[in-house]
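Observations on chain architecture
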Amino acid sequence: MKRWMAGLAAIALAGSAMAQDRAGDVALPDDQAAMKAHVLFLASDVLRGREAGSAEYRIAAEYVAAQFFAAGLEPAGDPGSYLQKVPLVTYRAGDKGDVVLTRKGEAPTPLIFGEDYVPGTVAGAARTVIDAPVVFVGYGLVAPHYGRDDYAGVDVRGKIVAFFGGAPLDFQSEERAHFQSATTKATIAAAQGAVGAIVLTRAPLPGGGVNYDRPRTSWARPDGTGDASGVPILATFSATGAAKLFAGAKTPWSAIAARVADSKTVFAAEALPVNAAVALKTVFEPASSANVAGMIPGSDPKLSKEVVVLSAHLDHLGVGRADAKGDTIYNGAEDNAVGIASLIEEAKRFRATGKAPRRTILFLAVTAEEKGLVGSDYFAKHPTVPIERIVADVNLDMPILTYPFEDMTVFGADRSTLGPIVAKAVGTLGVTMSPDPDPGQGIFVRSDHYRFVQQGVPSVFLWPGQKGPGKAATAEFFKTRYHQPADDVAQPIDWAQGIRFIDANYAIAREIADGDARPRWNKGDFFGLLYHGYGAK
C-alpha cells in the first residue's frame, strides 16, 4: 500500500509540475501538446531520472503501460500484462583478486594490484579460479572475410589467451566496433576452446586501478549470477605486468609493444612459457525492472503471424554528480523520453486510422539500455512472441528535436531491405535519407536494435539527420546536454519537429507492416551471415 501511495503522490506532484510548465507556454496544437505531455511527465524531477530498477522507473513503466492501453494496444508482456519482468543483477569485483605467474624451475611471481594488473569482473560466477598456460593471440580476432586469424598456428584449448583491445582501423566501421568489443573477443576465445582471457595494454593502469570494483549490470540467471558470453576476462595487465608475462618468451614484450601503434599489425600467435593462476571473487546484488510491451494484431490471415517490433528505451541515468548549477537529476528528456513519447503517439496513429496493419506490430519500451542494452537483450532472448516470428525492429533512441530536420540518418539501412523501405516511407514526407555522418562511432552496435540484430532480425535505428542546422544542433546537444542534467524539459525542443518525426516513423512502420515481402538481410551482409539472418546466405 505504501508503495502505491508513493506512486500516486509522485504522479500528483508531476501533474502539478506539468501544469506549472504549461502555464507559461503558448498553447500548442493538440498533437504537439500530447507529445509534450508525455515528456513533461517522464522527464520530470519527480521521476528522478528513471534509473532501471528504481521505484521511479516502475512508475514510468506503469505510465507507459497505461498509455498503451489508452492507445488500444493489447498486452504483450508477461501473460495478461503489459509488463515483462526483467530480473536484473548488479555485480562487482569482490576483492582485488590474485594473479600469480609460474615458470618451470622458477619461484612463483605474484603480480601487484594496481601496478601490474586490475582484476576482471566475472558476471557468471561468484568465484573464479583458473590455473592454465598462457597463449598470446595478438588482437584475439578471427575474421575470415578480412583474411584475419590471430589464432593461426596455436592450440588454445584449456588455456588462457592474452590479447590487445581494439581492432584494425581498416575494418569497416560497424564491423570494427563489433570486433573490438570485449564480449566479441571473449566469444571468439571460447569458440577456440580457451578457458579465460587477459587484456594487454602498453601503458600504466589509470589511477593505479581506481574504480576496479565499479558496478556493472546484467539480467540475472536463475542462480542469481549474471548472463555471460564467452570466456571470463580475468584481468587487464599494464605494460609492467605484460613485461612480466612475456619474460622468457620467444618474442620479447618490447618488440610486441613497439608494433601495437600500427593498427594493421598482425602478430604471430605464440605460446608463452608461463602459467597464470588467477583467483577472483564477484559479489552480486539482485534488482528488478520491467520492459513494457503492447501489440496491434495484424489483419492479414498469413502475414499477421509475422511481428514488427518498434522499440525505444524508457530508462535513463537516475541521480548522479551535480552539474555547475547543483542539479543532480539526469532527467533524460531527449534521451529517451522523446523516443517513448514518439512510440506512444505512433501507436495512437494506428488506432486513429481505423485500419489494422497486415502484420502484427509490437510496441516495446525497454529497461536498462543505459546499463548495456540489458532490457532489450533480455527481451530478444526471452521474447513474449516466438523470435522466429519477429521480422524487423525499428528503434527510436534519443532523436534530437531542437531544429527543423531536413533528412534522416538510418543506421543499418544499407544492410537489409529495410533501407529501401524506409527511404520510400520518408520520401513521401519530403525527407531524404543520409549516410552515417560519423561512422567511426560505430553507432549501429550501440543501441537496443542491436540485440535484435544478434538474433538475426533485420533492424534499423533512426535519427533526425544533420543537413542544414542539424550538424550544429547535434554537436551542441552532445557538448552540453548528453548524459547531463541539462537534458531536461527546459531545453528548446521543437514539438512541431516531434510530430514530423512521429509522421516519419508511422510511415515507416506502416510500410513494413503492410508490405508484401518480409524484410530480409542483403545477401552476404556481415551481420546477417554472422547471426544467421533471413536472406543473408
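Everything discussed here concerns the structure shown above.
Residues numbered from 1 in each chain as written. Predicted model: local features only at pLDDT ≥ 70, side-chain atom pairs only at ≥ 80, totals over all residues. Heavy atoms only, no water.

Another aspect to go through is the overall build of the protein. Tallying secondary structure elements over the protein gives 14 helices and 21 strands in all. Here the protein has a C-alpha radius of gyration of 25 Å; the compact-globule value for 537 residues is 24 Å, and the two agree. Per-residue burial for the protein yields a buried fraction of 53% across its 537 residues. When contacts within the protein are restricted to residue pairs at least 6 apart in sequence, long-range pairs at least 24 apart make up 82% of them. On the protein, roughly 22200 Å² of surface is accessible, and the fraction owed to carbon and sulfur atoms is 55%. Separation between the mean location of the 54 positive side-chain charges and that of the 58 negative ones in the protein comes to 4 Å. (Helix = DSSP H or I, 4+ residues; strand = E, 2+ residues; numbered from the N terminus. Rg over C-alpha atoms; globule rule 2.2 N^0.38 Å. Buried < 20%, exposed > 50% of the residue type's maximum accessible area, 1.4 Å probe, protein only. Contact = heavy atoms within 4.5 Å. Areas by Shrake-Rupley, 256 points an atom, 1.4 Å probe, with all protein chains shown as cover. Lys, Arg positive; Asp, Glu negative; His and termini not counted. Charge placed at Lys NZ, Arg CZ, Asp CG, Glu CD.)

Our next topic: the pattern of salt bridges. Considering all chains together, one arrives at 19 salt bridges under this definition. Residue Asp300 pairs with Arg358 through a salt bridge whose shortest N-O separation is 3.2 Å. Of this pair, Asp300 sits in the loop between β13 (270–296) and β14 (307–313) while Arg358 sits in the loop between α8 (333–353) and β17 (360–366), and the two are 58 residues apart along the sequence. Shared partners join several salt bridges into a network, and the residues in it are Glu174, Glu175, Arg415 and Asp525. (Salt bridge = Lys/Arg side-chain N within 4 Å of Asp/Glu carboxyl O.)

Think of an α-helix as 3.6 residues a turn; residues three or four steps apart then line up on the same face. Between its terminal C-alpha atoms α8 stretches 28 Å, which fits the 30 Å expected from 21 residues at 1.5 Å a residue. Burial of α8 is extensive: 16 of the 21 residues sit out of reach of the surface. A positive backbone phi angle near 75° is found at Gly354, which sits one or two residues after α8. (Expected span 1.5 Å × (residues − 1).)

To continue, consider unusual backbone geometry. Residue Asn336 is bonded to the preceding Asp335 through a cis peptide linkage, with omega at 10°. As for its position among the elements, Asn336 is in helix α8. Even without glycine at this site, Arg50 takes up a positive phi of about 50°. With respect to the element layout, Arg50 can be found in the loop between α2 (30–42) and α3 (55–70). Positive phi values are uncommon outside glycine, yet Leu373 reaches one of about 60°. The residue Leu373 is located in the loop between β17 and α9 (374–381) in this model.

Below, the discussion takes up the environment of Ala517. Inspection of the secondary structure puts Ala517 in the loop between α13 (495–514) and α14 (526–530). We classify Ala517 as exposed; its relative accessible area is 56%. In sequence terms Ala517 and Leu303 are 214 residues apart; their C-alpha atoms lie 9.4 Å from each other.

Here strand β3 (residues 98–102) shows a buried face lined by Val99 and Leu101 and an unburied face lined by Asp98, Val100 and Thr102. Both β3 and strand β4 (residues 109–110) contribute to a ladder of two bridges, which runs antiparallel. Directly across from Leu101, in β4, lies its bridge partner Thr109. Joining the antiparallel neighbours β3 and β4 is a turn of six residues, in which Gly105 adopts a positive phi near 80°. (Pairing = 2+ DSSP bridges.)

This part is about the packing of α3 against α8. Working note: a packed helix pair is described by the angle between its axes plus the distance between those axes. The contact between α3 and α8 brings their axes to 9 Å, and the two run at 15°. Here α3 is positioned roughly parallel relative to α8, judged by the angle of their axes. Crossing of α3 against α8: the hand is right-handed. Together, Val64, Gln67, Phe68 and Ala70 of α3 and Ile340, Leu343, Ile344 and Arg351 of α8 make up the contact between the two elements. In the contact of α3 with α8, the residues fall into six nonpolar, one polar and one charged. (Axes fitted to C-alpha atoms, helices over the stretch in contact; angles between N-to-C directions. Parallel < 35°, antiparallel > 145°, perpendicular 65-115°, else oblique. Left-handed = near helix turned anticlockwise from the far one by under 90°. Nonpolar A, V, L, I, M, F, W, Y, C, P; charged D, E, K, R; others polar.)

For the structure on display, the rule yields two cavities of 30 Å³ or more. A volume near 50 Å³ is recorded for the largest cavity. Contributing to the lining of the largest cavity are Ile400, Tyr403, Thr409, Pro437, Trp463, Pro464, Gln466 and Thr474. Among the residues forming the lining of the largest cavity, the class breakdown is five nonpolar, three polar and no charged. For the second largest cavity, the calculated volume is near 30 Å³. Every residue along the wall of the second largest cavity is listed here: Leu310, Glu346, Val394, Leu396, Asn505, Ile508 and Ala509. Elements supplying a minimum of two residues to the lining of the second largest cavity: β18 (390–396) and α13. At three residues, the largest contribution of residues to the lining of the second largest cavity is made by α13. For the lining of the second largest cavity, the class distribution of residues is five nonpolar, one polar and one charged. (1 Å grid on protein atoms, 1.4 Å probe; cavity = no way out; pocket = protein on both sides within 12 Å on 5 of 7 lines; lining within 4 Å. Points joined across faces, edges and corners; volume = space filled by probe spheres on them.)

Let's shift gears to the nonpolar core. By size, the foremost hydrophobic cluster in this structure holds 136 residues, and its most contacted members are Leu200, Leu245, Val292, Leu314 and Phe363. Broken down by element, this core gets its largest block of residues, 11 residues, from α13. Filtering out sequence-adjacent residues up to four positions away, Leu245 remains in contact with Leu101, Arg103, Val134, Ala162, Leu200, Phe237, Leu272 and Val274. Judged by nonpolar contacts, the second largest core, of 13 residues, contains Ala76, Leu362, Val366 and Phe379. (Core = buried A, V, L, I, M, F, W, Y, C linked by side-chain atoms within 4.5 Å.)

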